[in-house]
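Spelled out from the first residue to the last, the chains are:
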Amino acid sequence: MDLRKLLQLVEKAPIGSPELDSEFESTFRSVPPNVTRSIDAAARLIETELSGWWWNCGHCALRNGASLYVPGSSQLPVNYPGAGTAPDFGPRPEHLRLLQDPRWGKLFDSGFHCDRAGTVALAMLTVFLEAKIALTFVQPEASANKVIRSNK
């Protein structure tokens, strides 16, 4: 499925479903079961497809949110005990290329954010899909799914 269409389905969905899970399964080989209905499954997909990227999520009574950042983003906190000691902490060359891209670097540096009604898992999948779509702008071989990021 086209990433833009999948993002539209996720944005419209109030909750995850087996049907929406199936759409992810037909799009990504690394999809864990129940990806649209489980925070753990959504996190595994993000960590598999966007290795090393930083993510967070939150929940309150009315809204759920998620954010996703390229390692090396100026938005990431680095002044805490142990920062920089883990081997995968720093940005890899492919992350730096994204952040330094003359046209798209600011987009990647600011991160991807979603604040929505619905579930935390769907908020996480929204930012995941926005990032995957944005990657098509700087990775020519994936240009078939180009779309401008939605402001959710």
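Structure: see above.
Here we summarise the structure given alongside this text. (Residues numbered from 1 in each chain as written. Predicted model: local features only at pLDDT ≥ 70, side-chain atom pairs only at ≥ 80, totals over all residues. Heavy atoms only, no water.)

A few words now on the pattern of salt bridges. What the rule picks out here adds up to five salt bridges. Residues Asp115 and Arg63 are paired through a salt bridge, measuring 3.7 Å at the closest nitrogen-oxygen approach. Taken together, the residues span a long stretch of sequence, with Asp115 in strand β3 (residues 112–116) and Arg63 in the loop between β1 (54–59) and β2 (64–69) at a distance of 52 residues. By relative accessible area, Asp115 is classed as partly exposed at 43%. (Salt bridge = Lys/Arg side-chain N within 4 Å of Asp/Glu carboxyl O. Helix = DSSP H or I, 4+ residues; strand = E, 2+ residues; numbered from the N terminus. Buried < 20%, exposed > 50% of the residue type's maximum accessible area, 1.4 Å probe, protein only.)

In a regular helix each residue adds 1.5 Å, so 19 residues correspond to 27 Å; helix α6 (residues 120–138) covers 28 Å between its end C-alpha atoms and thus fits that length. In terms of residue burial, α6 counts as a mostly covered element, since 17 of its 19 residues are buried. (Expected span 1.5 Å × (residues − 1).)

Right, let's talk about the sheet that holds β1 for a bit. Spatial ordering of the open sheet is given by β1-β2-β3, a layout of three strands whose pairing is antiparallel. Edge positions in the sheet fall to β1 and β3, since each has one partner strand and no second. The sheet shows a mean angle of 5° between the axes of neighbouring strands, taken without regard to direction. Judged from the six bridges that link them, β1 and β2 form a sheet pairing that is antiparallel. Directly across from Asn56, in β2, lies its bridge partner Ser67. Across the sheet, α6 is in contact with β1, β2 and β3; its angle to β3 comes to roughly 150°. (Pairing = 2+ DSSP bridges. Axes fitted to C-alpha atoms, helices over the stretch in contact; angles between N-to-C directions. Contact = heavy atoms within 4.5 Å.)

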